[in-house]
Amino acid sequence: MPLHQFHFNASISSSSSPFLAPPSAFNSFSSRHQNFSLPPRDLGICRCVATPQEAKTPTAYKTNVSRNANMGKLQAGYLFPEVARRRNAHKEKYPDAQVISLGIGDTTEPIPDVITSSMSKKCQALSTLEGYSGYGAEQGEKSLRAAIRSTFYADLGIDDDDIFVSDGAKCDISRLQVVFGSNVTMAVQDPSYPAYVDSSVIMGQTGQFQTDVEKYANIEYMNCTPENGFFPDLSKSPRTDIIFFCSPNNPTGAAATREQLTRLVQFAKDNGSIIVYDSAYALYMSDDNPRSIFEIPGAREVAIETSSFSKYAGFTGVRLGWTVVPKELLFSDGFPVARDFNRVVCTCFNGASTVAQAGGLACLSPEGLKAMHEVIGFYKGNTEIIMDTFNSLGFKVYGGRNAPYVWVHFPGRSSWDVFAEILEKTHVVTTPGSGFGPGGEGFVRVSAFGHRGNVLEACKRFRQLYK
Amino acid sequence: MYKLLICNSTLSDKLFDPGCLHTSFGIRKEKKDHYTNVPRNANLEKLPKGYLFPEISLRQHQHLEQHPDASLISLGIGDTTEPVPDIVTSRMADFASGLSTLEGYRGYGAEQGNKELRKAIAETFYKDVNVKDSEVFVSDGAQCDIARLQLLLGSRVTASVQDPSFPGYIDTSVIIGQAGDLDHETGRYHRLEYMKCGPENKFFPDLRRTSSTDVIFFCSPNNPTGHAATRQQLEQLVKFAKDNGSIIVFDSAYATYISDDSPRSIFEIPGAKEVAVEISSFSKFAGFTGVRLGWTVVPSELCFSNGFPVIHDFNRVVCTCFNGASNIAQAGGLACLSSEGFEGVRTRVNYYKENAEILLDALASLNIKAYGGQNAPYVWVHFPGMNSWEVFDMILEKANIITVPGCGFGPGGEEFLRISAFGHRESILEAARRLKALFS
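Keep in mind that this is a model prediction, so the values were computed, not measured.

K.L.:
Teacher, can you tell me more about the environment of R452 of chain A here?
P.N.:
Relative to the elements of secondary structure, R452 of chain A occurs in helix 13 (residues 452-466). Looking at R452 of chain A, its side chain comes within polar contact range of the side chain of N382 of chain A, at 2.6 Å.

Now the structure itself:
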């Protein structure tokens, strides 16, 4: 068969491609001091930078297709590409600076062998007759769904087929929004992970952004502050159809207590609302708080739970997560939400990568779980170091105990200004609290993902700056 | 125990997953059930049935339950069956192992995809048409990209689809709220424009009779008909889009199956950059149906009516609603586009094309009119005057072959059956034998 028009780039081979650089000997994530002047990690893989929002010089031709007005409501790029853009601009300005990233919550430590070897094996199996597999079930592989259930939801009345495996919580949030449609109202914690608000805007659930209050119209922002223990005053919260709730919380690190979640479930029940409960950081919990919303009686009738392997297994690039939609969760006409979620999953998605799923299954083996807990323990160690540093400098510090994020208060200051000051003076990237909503103003989120040496060095620089 | 002669060497989860069995979800109207006050999304109510391919799985499963000893041949869902070349999987395996090392560990990748892979895609598939790396967005597959494009376009745009067409365009259009209500008699959604494609018009719509819409979904080589649009036809399409200010969403997932001189990319047509996006996939090209990898090209020239570049909004959706394709899949993609890797995946494509030839020959010998099969891994078989589900049932009952009824792809598919050419050679040969036995 003649080849048509396809051109080979013969220079793309594993020897010349940093992307495919052969692995060297296994280096564990031990706490030995790491050289913080490691070359940049972004060897040909660079984190997205926000493209400028303003239109380019008008071209000669424009289609007649109106831009989606919802897209027009978004104020800026998504938060984390913005942080990346500033980080990259800073690196360009100071090419010799040793920039340390405690901004985007990106895992840094190698994935335990027991997990990667199962993914390797799966890849190799795809080259064999017996081991080749094509399309998987869109809802995920049965064995993985069962393992997720028995690991995280044992004795909580959740069935294997209530669990939908995905390519990550962020993607699931958008798929849930597609299920809900534009005619629902929603509430978020303030501050909160920006994907809830942004996906709501894109879906058309919100009105315009109100610059005076820095909020989108038609979203209920439930203020979560040190004053209210980072749990909203539900007696003052109007009813919305959907309530996004993240615990342990990104960015504040707050973990809701059993008593608080019981009130939340009651609130949802009384109001006929649906809670979308984000438990992506549950395994970082030190205290005795619920790890799943389904630990609360009655939650199956009012809640969906979404979670992820990203921060447990270092799967931020591998892409694997899940969402639980209990059979008991019904729309106002009695129609099961799971049926519509299933339809969206079958139509708008085609399943998580079977290789990632093989990794997920290994994560949930006894050996895999043990290994994951060690990595999580390592990041928690980082968190303690960061908390101690800011505490010793006299800052009011929140979070950290139950999540890999430290939420530091800079009263009266603009969080983007603090972000810029820290970046300029210490070459450390953080995330400005206002990026998570107006309730985040005056705070900075410091994430605890990083090599131990980098975290120690960053803290040394914080101490110099704020002594 | 089922004795299966199916083309997957392992049983697909699709067959037995209760999530696919909609009949297991009854609506329990017990008094103690709590109903939330959240209204169901009216758009989802407009989809009367499940998505087409899980429905086919369901029928397959039911058939196996009733005939446990049947040696079923699956030529329904277009699922690849042949192993991925070693050169590709070994790179993927190495990359996965590398994640356990300090040097090889990678966290979040760019949402738009790995730089090298974007470059390789641009250079492999779009070298002569000047598509830039920055216009290539790597994804977890075309079906997912279609949904993201719909999210981007929103509910207020109008859309047209070929009839028949890959059901993902229509179903996502309904879900996002573009399509209006279903007319149960005609099987058409009120606000969608259906562009009939049949033997009578050489599988290309009569654009003079086609109403203009904001978006035109166009797949070539086509799923399900197998027709590859000619250069002349695509020039007409681009002109039509330009005259009407429309955006073409061009699905080129089967471009590597083209045998003749038909264009492999819409961007071969001058002016297309101002009117089209192109989606494609490694699924049928590299056997990555489970690995999950694809891409979308959004030219920087493509603008909304207010001059705003579509690429900015697509980038925003990709950054907000997605987090990039799996880095292991991307490592595999890069290996596919190396010279050795490309050679390897090409042999698989040729294998499936030979399968298609076998099926075409068999049907020709029976004097059954069959289309496609030369530029795509699908054969589109005409059964004049017959109901396509009835033909599907008959072939399943009498020959134990799963196909896909044409009406699943739109009302224009009635009287047709899609037979996919993915399968082990012996299954295809056996299927050809059974068809000859059935119809001669």
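K.L.:
I would appreciate a short explanation of the sheet that holds strand 12 (residues 405-409) of chain A in the present structure.
P.N.:
The strands that make up a sheet are held in pairs by hydrogen bonds between backbone atoms, and each pair lies either parallel or antiparallel. Residues and elements named next belong to chain A. The antiparallel open sheet is built from four strands, whose spatial order is 11-12-15-14. At either end of the open sheet lies a strand with only one pairing partner, and these are strand 11 (396-399) and strand 14 (431-432). Note that strand 14 and strand 15 (residues 443-447) share two bridges and pair antiparallel. Residue pairing for strand 15: P432 is matched across the bridge by V444.

K.L.:
Would you mind going over the pattern of salt bridges with me for this structure?
P.N.:
Pairs may arise between side chains of opposite charge once their charged atoms sit close together. Residue and element names in this part refer to chain A. If you walk through the whole model with that rule in mind, you get 40 salt bridges over all chains. Here K327 and D161 are joined by a salt bridge, their closest N and O atoms 2.7 Å apart. Highlighted residues: K327 in the loop between strand 10 (321-324) and helix 9 (337-348) and D161 in the loop between helix 4 (142-152) and strand 2 (163-166), separated in sequence by 166 residues. By relative accessible area, which is 22% here, K327 ends up partly exposed.

K.L.:
Explain the interface of chain B and chain A to me, please; I cannot follow it from the model alone.
P.N.:
Listed per partner, the contact involves 142 residues of chain B and 143 residues of chain A. Across the interface of chain B and chain A, roughly 12600 Å² is buried in total on both sides, 57% from carbon and sulfur atoms. Summed over the three residues of chain B that lose the most area to chain A, namely L102, Y108 and R316 of chain B, the buried surface amounts to 7% of that side. Our count for the chain B to chain A interface comes out at four salt bridges. Taking the shortest distance from any N to any O, the salt bridge between D171 of chain B and R343 of chain A comes out at 2.8 Å. Ranked by residues supplied to the side of chain B that touches chain A, first place goes to helix 4 (residues 86-98) of chain B with 10 residues.

K.L.:
Just to check I follow, could you spell out the packing of helix 3 (residues 113-125) of chain A against helix 4 of chain B for this structure?
P.N.:
Relative orientation and spacing of two packed helices are given, respectively, by the angle between their axes and the distance between those axes. At a closest axis distance of 8 Å, the pairing of helix 3 of chain A and helix 4 of chain B adopts a crossing angle of 175 degrees. Considered as vectors, helix 3 of chain A and helix 4 of chain B are oriented roughly antiparallel to each other. In this structure, helix 3 of chain A contributes T116, M119, S120, C123 and Q124 of chain A to the contact, and helix 4 of chain B contributes T89, M92, A93, A96 and S97 of chain B. Of the residues that constitute the contact of helix 3 of chain A with helix 4 of chain B, the class distribution is five nonpolar, five polar and no charged.

K.L.:
Would you mind going over the confidence of the model for chain B with me for this structure?
P.N.:
Do not read the predicted coordinates in detail wherever pLDDT is low. Per-residue confidence for chain B gives a mean pLDDT of 93; residues scoring 70 or more make up 93%. The complex model carries a pTM of 0.91, and its ipTM stands at 0.93.

K.L.:
How do you make sense of the pairing of strand 3 (residues 159-163) of chain B when you look at a structure like this?
P.N.:
Side chains on a regular strand alternate between the two faces of the sheet. All names here are of chain B. With five of five residues buried, strand 3 lies mostly within the body of the structure. As paired strands, strand 3 and strand 6 (residues 192-196) are joined by five bridges and run parallel to one another. Bridge pairing links D163 to K196 in strand 6. Sheet topology note: the strand 3/strand 7 (residues 215-219) ladder contains three bridges and is parallel. Across the sheet, the residue bridging to S160 is I216, located in strand 7.

K.L.:
Would you explain the packing of aromatic side chains in this entry?
P.N.:
Geometrically, a pair of aromatic rings is defined through the distance of the ring centres and the angle of the planes. Residue and element names in this part refer to chain B. A complete count under the given rule lists 59 aromatic pairs over all chains for this structure. On the numbers, 5.8 Å between centres and 80 degrees between planes, the contact of F125 with F285 is edge-to-face. One end of the pair, F125, is in helix 5 (residues 115-125); the other, F285, is in helix 9 (residues 283-286), with 160 residues separating them in the sequence. In this structure, F125 and F285 share a single accessibility class: buried. Ring geometry for F218 against F250: centres 6.3 Å apart, planes inclined by 10 degrees, an arrangement best described as stacked. On the criterion of sequence distance, the pair formed by F218 in strand 7 and F250 in strand 8 (residues 247-251) is long-range, its members being 32 residues apart.

The rules we used
- Residues numbered from 1 in each chain as written.
- Chains lettered and ligands numbered in written order.
- Predicted model: local features only at pLDDT ≥ 70, side-chain atom pairs only at ≥ 80, totals over all residues.
- Heavy atoms only, no water.
- Helix = DSSP H or I, 4+ residues; strand = E, 2+ residues; numbered from the N terminus.
- Polar contact = N/O pair within 3.5 Å; in protein donor to acceptor, adjacent residues only side chain to side chain.
- Pairing = 2+ DSSP bridges.
- Salt bridge = Lys/Arg side-chain N within 4 Å of Asp/Glu carboxyl O.
- Buried < 20%, exposed > 50% of the residue type's maximum accessible area, 1.4 Å probe, protein only.
- Contact = heavy atoms within 4.5 Å.
- Buried area = accessible area lost by both parts, 1.4 Å probe.
- Axes fitted to C-alpha atoms, helices over the stretch in contact; angles between N-to-C directions.
- Parallel < 35°, antiparallel > 145°, perpendicular 65-115°, else oblique.
- Nonpolar A, V, L, I, M, F, W, Y, C, P; charged D, E, K, R; others polar.
- pLDDT = per-residue confidence, 0-100.
- Phe/Tyr/Trp six-rings, centres within 6.5 Å; stacked < 30°, edge-to-face > 60°.

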